[in-house]
Amino acid sequence: MNTIAHPNVTLIQQLNPADLAASSHLFTERFVWHFFNRKLVEVQGDYKGVEGLKMFFERIQLQTESTFLVEPVSLTPVGDELVIAHVVDRMVLNGKYIELDAIVIWRIVDGLIDEAWDVPSLYVDRTTESIKPSLMLKRNISA
């Protein structure tokens, strides 16, 4: 097994979604974020550039009442162009706590992030009728 980190994995690890302005040097000018999710139709679409990616996160936070959280699980390089990130998304949507697996496929061109596809699991999620305590704290909701 190769223990040396793949440069594309290292590039993705440098990305800070909470501070995209500080990470803007990691992207090509033509970067596109592709998102679809039938439970978040209002957010679906293609988002261009770092500003577009910021808009995506702003829209998803608005739709989920600022509860959207992403937990990275793994990063896997595929050849010299792609990196697959397995993540767990957590949010409250329409009063229900939702937890689902997703992958983000990152395309790396000339050492920069050029394109990404956010692919959520659509048929298996861990939806509950109540809000998880950790998200209640985030939203400052008293139990």
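Here, the structure is the one placed above.
From a predicted model like this one, the values you see are computed outputs, not experimental measurements. Here the residue numbering is sequential within each chain, running from 1 through the sequence in written order. It should be noted that, the model being predicted, local features are given only for residues of pLDDT at least 70 and side-chain atom pairs only at 80 or more, the latter also being counted only at that level, while totals for whole chains, interfaces and linings use all residues. Hydrogens and water molecules were not included; the side-chain quantities draw on all heavy atoms of the structure.

1. Quick notes on the overall build of the chain
Helix and strand assignments come from DSSP, with helices taken as H or I runs of at least 4 residues and strands as E runs of at least 2, each series counted from the N terminus. Counting its secondary structure elements, the chain contains four helices and six strands. When its helices and strands are written in sequence order, the chain yields α-α-β-β-α-β-β-β-β-α. Burial classes: relative accessible area under 20% of the type maximum marks a residue as buried, over 50% as exposed, and values in between as partly exposed (1.4 Å probe, protein chains only). For the chain, the proportion of its 143 residues judged to be buried stands at 36%. Only heavy atoms enter the contact rule, under which two residues are in contact if any of them lie within 4.5 Å. Across the chain, the fraction of contacts at a sequence separation of at least 24, relative to all contacts at a separation of at least 6, is 47%. The accessible surface values rely on the Shrake-Rupley method and a 1.4 Å probe; as for residues, cover is taken only from the protein chains in view. If you sum the accessible surface of the chain, you get close to 8400 Å²; carbon and sulfur atoms cover 56% of it.

2. Things to note about the packing of aromatic side chains
Geometrically, a pair of aromatic rings is defined through the distance of the ring centres and the angle of the planes. Any pair of Phe, Tyr and Trp rings, taking the six-membered ring for Trp, is counted once the centres come within 6.5 Å. Such a pair is stacked with planes under 30 degrees apart, edge-to-face with planes over 60 apart, and tilted for the rest. All chains considered together, the criterion is met by seven aromatic pairs. Measuring from ring centre to ring centre gives 4.7 Å for F27 and F31, while their planes differ by 70°; the resulting arrangement is edge-to-face. Classification of F31 as buried rests on a relative accessible area of 0%. Judged by centre distance (5.4 Å) and plane angle (45°), the rings of W33 and F56 are tilted. Of the two residues, W33 sits in strand β1 (residues 27–35) while F56 sits in helix α3 (residues 49–63), which places them 23 residues apart along the sequence. With respect to class, W33 is no different from F56; both count as buried. By the ring-pair criterion, three or more aromatic residues cluster together here, those being W33, F35, Y47, F56, F57 and W106.

3. So, the environment of K96
When you line up the elements, K96 lands in strand β5 (residues 96–109). A residue is classified by how much of its surface remains accessible, and K96, at 32% relative accessible area, is partly exposed. Along the sequence, K96 and T127 sit 31 residues apart, while their C-alpha atoms lie 6.7 Å from each other.

4. A few points about the nonpolar core
Definition used in this section: a nonpolar core is a set of buried Ala, Val, Leu, Ile, Met, Phe, Trp, Tyr and Cys residues joined via side-chain atoms within 4.5 Å. Counting 31 residues, the largest nonpolar core has F27, W33, F56, W106 and I113 as the members making the most contacts within it. Listing elements by their share of this core, those giving two or more residues are α1 (7–14), β1, α3, β4 (82–93), β5 and β6 (112–125). Considering each element in turn, this core owes the most residues, six residues, to β5. Residues contacting W33, with those up to four places away along its chain left out, are G45, D46, Y47, L53, F56, V104, W106, A116 and D118.

5. Brief notes about the pairing of strand β3 (residues 69–78)
If DSSP finds at least two bridges between two strands, the strands pair. By the bridge criterion, nine bridges tie β3 to β4 in an arrangement that is antiparallel. From the neighbouring strand, L69 faces β4, where its bridge partner is R90.

6. Describing the pattern of salt bridges
Salt bridges are identified by distance alone: a Lys or Arg side-chain nitrogen within 4 Å of an Asp or Glu carboxyl oxygen. Under the defined criterion, the tally for this structure stands at six salt bridges. Of the charged contacts, one joins R30 and D114 as a salt bridge, the two residues approaching to 2.8 Å between their closest N and O atoms. Residue R30 is located in strand β1, and its partner D114 is located in strand β6; the two are separated by 84 residues in the primary sequence. Residue classification places R30 among the exposed positions, given a relative accessible area of 54%. Beyond isolated ion pairs, a larger network of salt bridges with shared partners links E71, R90 and E99.

By themselves, these observations are geometric and do not establish any function.
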